[in-house]
2 protein chains.
Amino acid sequence: MGVSESQEDLVRKVFQEELADVQQRLVGLSDEVLVAITKAVEAFNTSNLHLAEEVIGGDERIDDAAVDLDELSITILAKQQPVAKDLRTVVSALRMSASIERMGDLAGHIAQLARYRFPESAVPGELRAGFQRMGELVIDIARKVPILLQTEDDSVAREITAQDDEIDTLHQAVFDTVLAPSWKGSPADTVDVTLASRYHERFADHAVLIAQKVVYLETGDWKDSSIS
Amino acid sequence: MGVSESQEDLVRKVFQEELADVQQRLVGLSDEVLVAITKAVEAFNTSNLHLAEEVIGGDERIDDAAVDLDELSITILAKQQPVAKDLRTVVSALRMSASIERMGDLAGHIAQLARYRFPESAVPGELRAGFQRMGELVIDIARKVPILLQTEDDSVAREITAQDDEIDTLHQAVFDTVLAPSWKGSPADTVDVTLASRYHERFADHAVLIAQKVVYLETGDWKDSSIS
């Protein structure tokens, strides 16, 4: 009986270590995305080809790590058959990894815009301040994601949502600029800023999806996990 | 003993019904997306405001159905603790519902472009043939998704991937047109076709993600589920 209990304890301990590993890998992935988006924003706003190449070259590593994390999560579901909050942790990891991986892709897309236009800038002068601010916001959001994953703090989730709202406003302002009679940009400028603005906006959207899943993780209520 | 066995049979029967329900809901969701994208493409190519409004108004129903499906999948994981192929079915449903829901969003975005420019057309004359073809392809891909979900037929998965490749080529051709010296479109035209082309391309990408998950469902191998 004593032996059986200590075996159970051991199984439980292994399981808790596996859950901690899942969480640690999610945090690690989001740390990599923070590095990628920081470089991508700098590459985009300052036409830095070297940084752009680094981001584009590094995206496959993020994709592979996300696939490995998914495999680990599915193995845990199969072997440990978790319930309650443990189950929510694993299911959320599966869904959050998809968003984090997508954020890495979007950082890559922003870097590609910089590379494609190099040595020219992809950012026309009159939109420089707007993209500067959007860049600061997506970097700050990316900085908050690993913090949110570690602390599961509702207030961090709400900050991300508020910053996403500001990005949506800036995204709309880009269209207002481009569609105004005063816009003198070339078609290439118009394409670049349309896509760049969209990529920033989608990056922030995925952070909001992650924030919603962290709220779900705490409450267990998927439908009411809207934090807007 | 006989009683216990028949109880087990009953539990197993309920479980199989739940799995069939998950599959049926996924098929139902993808049928709704087929209706949405068919209307959205028509609305976009022919400036049909009525159809555009229908797509935009119907998207919330798809979003809600996707959330309900996720809740059902998580409940099954918690209550039934499936293993092997049953586990893969539920995990895949969770991930595929996210892509199907996103395809519904993208149909809505295409419809919004039509509504925003109505009564003018969002499609400049010289790009009409290209968008016509892209529209046919996304509708055909959307038609194949419920078939793929029901048959789990590898050849359907490969057809979707081949059509996605053709869409990528058409997407690139839109940029070639817009960036050519001969392009006479307004900035609004440039923004609309850039976004519209991107939405068609992303719609097809999500179908490819679903096709990859169906291959995973069959093989159990996540890494080798690439069908390109």
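Structure's up top.
Here's what I pulled together on the structure shown here. (Residues numbered from 1 in each chain as written. Chains lettered and ligands numbered in written order. Predicted model: local features only at pLDDT ≥ 70, side-chain atom pairs only at ≥ 80, totals over all residues. Heavy atoms only, no water.)

We now examine the nonpolar core. Within the largest apolar cluster, 146 residues are counted, with the highest numbers of intra-cluster contacts made by Phe131(A), Leu149(A), Phe131(B) and Leu149(B). When near neighbours in sequence (up to four residues on either side) are disregarded, Phe131(B) contacts Phe44(B), Asn45(B), Val123(B), Val174(B), Val193(B), Ala196(B), Ser197(B) and His200(B). (Core = buried A, V, L, I, M, F, W, Y, C linked by side-chain atoms within 4.5 Å. Buried < 20%, exposed > 50% of the residue type's maximum accessible area, 1.4 Å probe, protein only. Contact = heavy atoms within 4.5 Å.)

Facing the 35 residues of chain A at the interface are 35 residues of chain B. Contact between chain A and chain B buries roughly 3,100 Å² in total, counting both sides, with carbon and sulfur atoms accounting for 65%. It is Gln81(A), Arg95(A) and Arg198(A) in chain A that bury the most area against chain B; as a group they hold 17% of the surface buried on that side. For the salt bridge of Arg95(B) with Asp70(A), the shortest nitrogen-to-oxygen distance reads 2.4 Å. (Buried area = accessible area lost by both parts, 1.4 Å probe. Salt bridge = Lys/Arg side-chain N within 4 Å of Asp/Glu carboxyl O.)

On to the side chain of Arg102(B), then. Its location among the elements puts Arg102(B) in helix α3 (residues 84-117). Sequence-distant contacts of Arg102(B), that is, excluding residues within four places in its chain, are made with Arg198(A), Arg202(A), His109(B) and His206(B). (Helix = DSSP H or I, 4+ residues; strand = E, 2+ residues; numbered from the N terminus.)

Residues and elements named next belong to chain A. Note the cis peptide between Phe-118 and Pro-119, where omega equals 5 degrees. Positionally, Pro-119 belongs in the loop between α3 (84-117) and α4 (128-151). If you check the backbone angles, Ala-84 has positive phi at about 50 degrees while not being a glycine. Along the chain, the position of Ala-84 falls in helix α3. Phi angles above zero are rare outside glycine, and Glu-152 is one such case at about 50 degrees. Turning to its location among the elements, Glu-152 is positioned in the loop between α4 and α5 (154-179).

To continue, consider the packing of helix α2 (residues 49-80) of chain B against α3(B). Residue and element names in this part refer to chain B. As a packed pair, α2 and α3 sit with axes 9 Å apart at the nearest point and diverge in direction by 165 degrees. As judged from the angle between their axes, α2 and α3 are roughly antiparallel. In terms of crossing hand, the pair formed by α2 and α3 is left-handed. Residue composition of the contact of α2 with α3, grouped by class: 17 nonpolar, five polar and seven charged. (Axes fitted to C-alpha atoms, helices over the stretch in contact; angles between N-to-C directions. Parallel < 35°, antiparallel > 145°, perpendicular 65-115°, else oblique. Left-handed = near helix turned anticlockwise from the far one by under 90°. Nonpolar A, V, L, I, M, F, W, Y, C, P; charged D, E, K, R; others polar.)

Let us now look at the relation of the copies chain A and chain B. Here chain A sits on chain B after a turn of 180 degrees about the axis and a move of 0.0 Å along it, with an RMSD of 0.0 Å. Both copies of the chain, as the preceding transformation shows, are related through a two-fold rotation axis. No C-alpha of chain A approaches the rotation axis more nearly than that of Gln81(A), which lies at 2.7 Å. Looking at chain A, 100% of its interface residues are interface residues in chain B too, so the copies touch through the same face. (Least-squares fit on C-alpha atoms with pLDDT ≥ 70 in both.)

Now for the packing of helix α5 (residues 154-179) of chain B against helix α6 (residues 187-219) of chain B. Residue and element names in this part refer to chain B. Where α5 contacts α6, the axes come no closer than 9 Å and their chain directions differ by 160 degrees. As summarised for this structure, α5 and α6 are arranged roughly antiparallel, according to the angle between their axes. The interaxial crossing formed by α5 with α6 has left-handed handedness.

This paragraph deals with α5(A). The first and last C-alpha atoms of α5(A) sit 38 Å apart over 26 residues, in line with the 38 Å expected at 1.5 Å per residue. Along α5(A), the residues that are buried comprise Val156(A), Ala157(A), Ile160(A), Thr161(A), Gln163(A), Asp164(A), Ile167(A), Leu170(A), His171(A), Val174(A), Phe175(A) and Val178(A). Buried-residue contacts for α5(A) involve α4 and α6 (187-219) of chain A together with α6 of chain B. The opening residue of α5(A) is Asp153(A), an N-cap whose side-chain oxygen sits 2.8 Å from the backbone nitrogen of Ser155(A). (Expected span 1.5 Å × (residues − 1). Polar contact = N/O pair within 3.5 Å; in protein donor to acceptor, adjacent residues only side chain to side chain.)

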